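Survey of secondary and tertiary structure
Chain by chain, the residues:
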Amino acid sequence: GKKDIKALDLVELKALMSEMKQPAFRAQQIFKWLHKECAESFDEMTNLPLTLRKQLDDNFVIISAAIEKKLISEYDNTVKYLFRLFDGQCIESVLMQYKYGYSLCVSTQAGCKMGCAFCASTKNGCVRNLSASEILSQVYVAERDTGVRISHIVLMGIGEPLDNYDNVIKFIRLITSPDGHNLSVRNITLSTCGVVPGIYALIKEQLPITLSVSLHASNDEKRSAIMPVNRKWPIREVIKASKAYYEATGRRISFEYALVKGVNDTKTDADELAVLLKDLNCHI
């Protein structure tokens, strides 16, 4: 019955402090503990009065993720995490090192319902959406475990981010807050299999994140065969929405195209892809 405090933004925390008859500056202190110091218990919040810490502990919970398994690549030190959530569901995150810093690929759902033929995440369907706190926890736990500062986030793990729209947007706004983790909005990439209404909704958020679209085919027949989402939102609609996103944000679109032998890897596929994307400022 305890409420999730990590998912509250600064405005919501100030309202909470007002309800609890606490001074407004306490909200800033709590927010800093949650999103800058990445505290996992109220006992860590040593500049708060003991009475307030107990009150918070009685009524709220700090959502986190437990490391169930950790694999480290012997080639490039990439770290793959299997995280266990409070209800036993498991998700994956991957920490990668580049010349520009550390990037973390995070999951947004436990499972996925999109049904892409080449993806293991969708085999058992979607169990549930992750809360903003559970997405944040993947970042905070990985940083605490490795001692590195993560500078880039890719929403490209298990799940379709635009199918968990509200929690994903809340996550982005929380992790980019100047009062908290202060990650650059431009260092966030969101990958979608082509949820067209979600792309248009994203435009209205005015968040200059990079949009990455899983395309994997250059015509509707092939794409529908491997990506059921294409039957609802065909390629032309996805490209139209992508163009609208570029025009609104000025951010170059990335298109993901996994080569499947004998399915989408012919010269004809390449020629079709060139024609399809020729008028769009994009990266394939």
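To be clear, the structure that these remarks concern was listed above.
Quick summary incoming for the structure in this document. (Residues numbered from 1 in each chain as written. Predicted model: local features only at pLDDT ≥ 70, side-chain atom pairs only at ≥ 80, totals over all residues. Heavy atoms only, no water.)

1. Looking at the overall build of the chain
The condition that has to hold: Secondary structure counts use DSSP, requiring at least four H or I residues in a row for a helix and at least two E residues in a row for a strand, with both numbered from the N terminus. Residues are treated as being in contact if the distance between any of their heavy atoms lies within 4.5 Å. Surface exposure here means Shrake-Rupley accessible area, sampled with a 1.4 Å probe, where a residue is shielded only by the protein chains that are shown. Under the convention used here, Asp and Glu are negative, Lys and Arg are positive, and both His and the chain ends fall outside the count. The atoms used to mark charge sites are NZ of Lys, CZ of Arg, CG of Asp and CD of Glu.
Secondary structure assignment for the chain yields 9 helices and 13 strands. Projecting the C-alpha coordinates of the chain onto the three principal axes gives extents of approximately 70 × 40 × 40 Å. Restricting the contact set of the chain to residue pairs at least 6 apart, pairs at least 24 apart contribute 60%. Accessible surface computed for the chain: about 13,900 Å², of which carbon and sulfur atoms make up 51%. Taken together, the 36 basic and 33 acidic charged side chains of the chain have centroids lying 2 Å from each other.

2. A few points about the packing of aromatic side chains
Let me state the cut-off plainly: A pair of aromatic rings is counted whenever rings of Phe, Tyr or Trp (Trp by its six-membered ring) have centres within 6.5 Å, and the orientation is called stacked for planes under 30 degrees apart, edge-to-face for over 60 and tilted otherwise. Relative accessibility under 20% of the residue-type maximum defines a buried residue, over 50% an exposed one, and the middle range a partly exposed one, all with a 1.4 Å probe and only protein chains included.
Inspection of the entire model under this criterion finds 2 aromatic pairs. Pairing tyrosine 81 with phenylalanine 83 gives two aromatic rings, centres 5.1 Å apart and planes at 10°, and the pair type is stacked. Just as tyrosine 81 is buried, phenylalanine 83 falls in that class too. Judged by centre distance (5.1 Å) and plane angle (15°), the rings of tyrosine 98 and tyrosine 100 are stacked. Look at tyrosine 98 and you get partly exposed, because its relative accessible area is 38%.

3. As for the environment of arginine 186
Along the chain, the position of arginine 186 falls in the loop between helix H5 (165–175) and strand E10 (188–192). Spatially, the C-alpha atom of arginine 186 lies 5.7 Å from that of proline 208, the residues being 22 residues apart in sequence. If sequence neighbours within four positions are ignored, arginine 186 has contacts with Pro208, Thr210 and Arg251.

4. Description of the pairing of strand E4 (residues 79–84)
This is how the line gets drawn: Here a strand pair is declared whenever DSSP counts at least two bridges between the two strands.
Judged by which residues are buried, E4 turns out to be one-sided: Val79, Tyr81 and Phe83 face inward and are buried, whereas Lys80, Leu82 and Arg84, on the alternate face, are not. In this sheet, E4 lies alongside strand E3 (residues 66–72) in antiparallel orientation, the contact comprising 6 bridges. The residue of E4 that forms the bridge with isoleucine 67 is phenylalanine 83. Once E3 ends, the chain turns through 6 residues before running back antiparallel as E4, passing asparagine 77 with a positive phi of about 65°. Inspection of the sheet shows E4 paired to strand E5 (residues 90–98) by 6 bridges, in the antiparallel sense. Paired with leucine 82 across the strands is glutamate 92, a residue of E5. The antiparallel pairing of E4 with E5 creates a hairpin that spans 5 residues between the two strands, and glycine 88 there sits at a positive phi of about 95°.

5. Re unusual backbone geometry
The phi dihedral of cysteine 38 falls on the positive side, at around 55°, and the residue is not glycine. Mapped onto the elements of the fold, cysteine 38 is located in the loop between helix H2 (25–35) and helix H3 (50–59). Of note in this structure, asparagine 77 is not a glycine but carries a positive phi near 65°. Take asparagine 77: its relative accessible area is 52%, and that puts it in the exposed class.

6. Quick word on the nonpolar core
Looking at soluble globular proteins, one finds that nonpolar side chains tend to be buried together. Heads up, the rule is: Among the buried residues, those of types Ala, Val, Leu, Ile, Met, Phe, Trp, Tyr and Cys that are joined through side-chain atoms within 4.5 Å form a nonpolar core.
Counting residues in hydrophobic clusters, the biggest one holds 86 residues, and the most contacted among them are Ile5, Leu56, Ile153 and Phe171. Contact partners of phenylalanine 171, with chain neighbours within four places excluded, come to Ala132, Ile135, Leu136, Val139, Ile153 and Leu155.

7. Details of the packing of H5 against helix H6 (residues 196–205)
Our working definition: Lines are fitted to the C-alpha atoms to define the axes, a helix being fitted only along its stretch in contact, and any angle between axes, read from their N-to-C directions, falls within 0 to 180 degrees. Roughly parallel here means an angle under 35 degrees, roughly antiparallel means over 145, roughly perpendicular means 65 to 115, and every remaining angle is called oblique. Crossings are assigned a handedness: left-handed for a near helix turned anticlockwise from the far helix by less than a right angle, right-handed for a clockwise turn. Lys, Arg, Asp and Glu make up the charged group, whereas Ala, Val, Leu, Ile, Met, Phe, Trp, Tyr, Cys and Pro make up the nonpolar group; the residues left over, Gly among them, are polar.
One way to put it is that H5 packs onto H6 with a least axis distance of 12 Å and a crossing angle of 30°. It follows that H5 is roughly parallel to H6 by the angle criterion. In the packing of H5 onto H6, the handedness of the crossing is right-handed. The segment H5 lies against H6, with Tyr165, Ile169 and Arg173 engaging Gly198, Ala201, Leu202 and Glu205. Residues belonging to the contact of H5 with H6 are distributed by class as follows: 4 nonpolar, 1 polar and 2 charged.

8. Some details on the packing of helix H4 (residues 132–146) against H5
Closest axis-to-axis distance for the H4/H5 pair is 8 Å, and the angle between their directions is 45°. With respect to their mutual orientation, H4 and H5 come out oblique. The handedness of the crossing between H4 and H5 is right-handed. The segment H4 lies against H5, with Ala132, Ile135, Leu136, Val139 and Tyr140 engaging Asn167, Val168, Lys170, Phe171, Leu174 and Ile175. Split by residue class, the contact of H4 with H5 holds 9 nonpolar, 1 polar and 1 charged.

9. Points about the sheet that holds strand E12 (residues 253–256)
One open sheet holds the 9 strands; their spatial order is E3-E4-E5-E6-E9-E10-E11-E12-E13, and the pairing between them is mixed. Since the sheet does not close on itself, it has two edges, and those belong to E3 and strand E13 (282–283), each with one partner. Pairing of E5 with strand E6 (residues 101–106) involves 5 bridges; the strand directions are antiparallel. In the strand pairing of E6, glutamine 97 is matched with tyrosine 102.

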